[in-house]
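These are the residues of each chain, in order.
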Amino acid sequence: MTLTAVKNRQSCDATIQIALLRHAQTDLHGCFCGHSDPSLSVQGHDEIPSVIRSVSQVVPRAIWSSDLRRATETAEPIAKHFGLRYATSPALREMNFGLWEGLAWKEVELQYPDDARAWAKFFPHHRPPGGESFLELQARVVEQLEQLGKHAEAGCTLVVTHAGFIRTAVAWVLGVPDERISRIGQNHGALTTLEKLENHWSVIALNVNAARFADARRRETKDQL
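This one's a predicted model, so the numbers in the text were calculated from it and none came from an experiment.

What counts, and where the lines are drawn
Residues numbered from 1 in each chain as written. Predicted model: local features only at pLDDT ≥ 70, side-chain atom pairs only at ≥ 80, totals over all residues. Heavy atoms only, no water. Pairing = 2+ DSSP bridges. Helix = DSSP H or I, 4+ residues; strand = E, 2+ residues; numbered from the N terminus. Axes fitted to C-alpha atoms, helices over the stretch in contact; angles between N-to-C directions. Contact = heavy atoms within 4.5 Å. Phe/Tyr/Trp six-rings, centres within 6.5 Å; stacked < 30°, edge-to-face > 60°. Buried < 20%, exposed > 50% of the residue type's maximum accessible area, 1.4 Å probe, protein only. Right-handed = clockwise from strand over helix to strand, strands pointing away.

Student: Please explain the sheet that holds strand 1 (residues 16-22) as it appears in this structure.
Tutor: As a general point, the strands of a sheet are linked pairwise by backbone hydrogen bonds and lie either parallel or antiparallel. Taken in spatial order, the 6 strands of this open sheet run 3-2-4-1-5-6, and their pairing is mixed. Unpaired on one side and paired on the other, strand 3 (87-89) and strand 6 (200-208) mark the two borders of the sheet. Strand-to-strand twist of the sheet, defined as the mean angle between neighbouring strand axes without regard to direction, takes the value 20°. Summarising the sheet, strand 1 and strand 4 (residues 155-161) pair through 7 bridges and their orientation is parallel. Among the inter-strand pairings, Arg 22 is bridged to a residue of strand 4, identified as Thr 161. Packing against the sheet, helix 2 (residues 69-82) makes contact with strand 1, strand 2 (62-66), strand 3 and strand 4, and its axis sits at approximately 165° to strand 2. Set on the sheet, helix 6 (residues 163-174) makes contact with strand 1, strand 4, strand 5 (191-197) and strand 6; between it and strand 6 the angle comes to about 140°.

This is the structure:
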C-alpha cells in the first residue's frame, strides 16, 4: 500500500503508534471468514459506539482499513467521528481460507477431513485448500508493519483489520512461536496498540475493548455495594 492517508489535525505523542483494531462482528462469526465479504451484523453495528470510545483513547492522526466491507463499515463511522478520511488496502485483509470460507469447523471436518486433520496437527502451517499459507500471511503482515513504521508520522495511526492479521503482528513483535498464535486473544471491536521507537517494536496494549472494561467496572461497583 502507499501510505498517503490524510492526517488528523490533533497530535498524539512523539512516538509512532500503530493501533490495530479488529472490525465489529458479522453474521459469519464462528465460521472461517477470510476473504469472504459479509457486512456487519446488527450486533456489529450496535458495537460501533463502544468502538469509537476505545479509539478515542488513542486519537488517530490517520486511518487505514482493509478493503473488505466488515472493516470499512467499522472504519467509516470512526473516520466521520474524528473528521478524517480513511484509505483502504487489500494487503490489510484477513488470511484467505480458500474452500473453507464460510464454513464452521465441524463442516470443514466433514467436507475436508484430511485437510482438517493436517490443520490440527501442523497449525498454523497447513494451507487451507485453495487458500493462503500462514507464511504468506506473515510476510504480508510484516511488510505492512514495516511500511507503516517507516512512513507514518509521529502519533497514532489506526488500522482497521482482522483477527489473523493482528495476532500475526503481535506474534512477530513478541517472538511468539507460530504454534501458539491462537492463544493471542482478539475480540471484535478491540484495540491492540504497537509502538515503534527507532528500530524497536513493542506491544503496549492488547485486545482492549471499552465495552468489556465498562462491564467489568459495573460488576466491580456492584460487588462493592
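Still to come is the rest of the account.
Student: So what exactly am I meant to see when it comes to the side chain of Ser 133 here?
Tutor: With respect to the helices and strands, the residue Ser 133 is situated in the loop between helix 4 (113-122) and helix 5 (134-151). Excluding its chain neighbours within four sequence positions, the residues that come into contact with Ser 133 are Met 95 and Arg 127.

Student: Just to check I follow, could you spell out the packing of aromatic side chains for this structure?
Tutor: In this description, an aromatic ring pair is defined by two values, namely the gap between the centres and the angle between the planes. Under the criterion given, the structure shown has 9 aromatic pairs. Measuring from ring centre to ring centre gives 5.2 Å for Phe 32 and Trp 100, while their planes differ by 55°; the resulting arrangement is tilted. One end of the pair, Phe 32, is in the loop between strand 1 and helix 1 (42-55); the other, Trp 100, is in the loop between strand 3 and helix 3 (105-111), and 68 residues separate them in sequence. Of the aromatic side chains, those joined through ring pairs into one cluster are Phe 32, Phe 97, Trp 100, Trp 105, Trp 119 and Phe 123.

Student: Got a minute to help me understand the pairing of strand 2 in this structure?
Tutor: It is a general feature of regular strands that their side chains alternate between the two faces of the sheet. Among the 5 residues that make up strand 2, 5 are buried, leaving the element largely enclosed by the rest of the structure. Burial along strand 2 is two-sided: Ala 62, Trp 64 and Ser 66 facing one way and Ile 63 and Ser 65 facing the other are all buried. Here strand 2 pairs with strand 4 via 4 bridges, running parallel. If you follow Trp 64 over to strand 4, its bridge partner there is Val 159. As defined by bridge partners, strand 2 adjoins strand 3 across 3 bridges and the pair is classed as parallel. Residue pairing in the sheet places Ser 66 in a bridge with Ser 89 of strand 3. The β-α-β motif built from strand 2, the intervening helix 2 and the parallel element strand 3 has right-handed crossover chirality.

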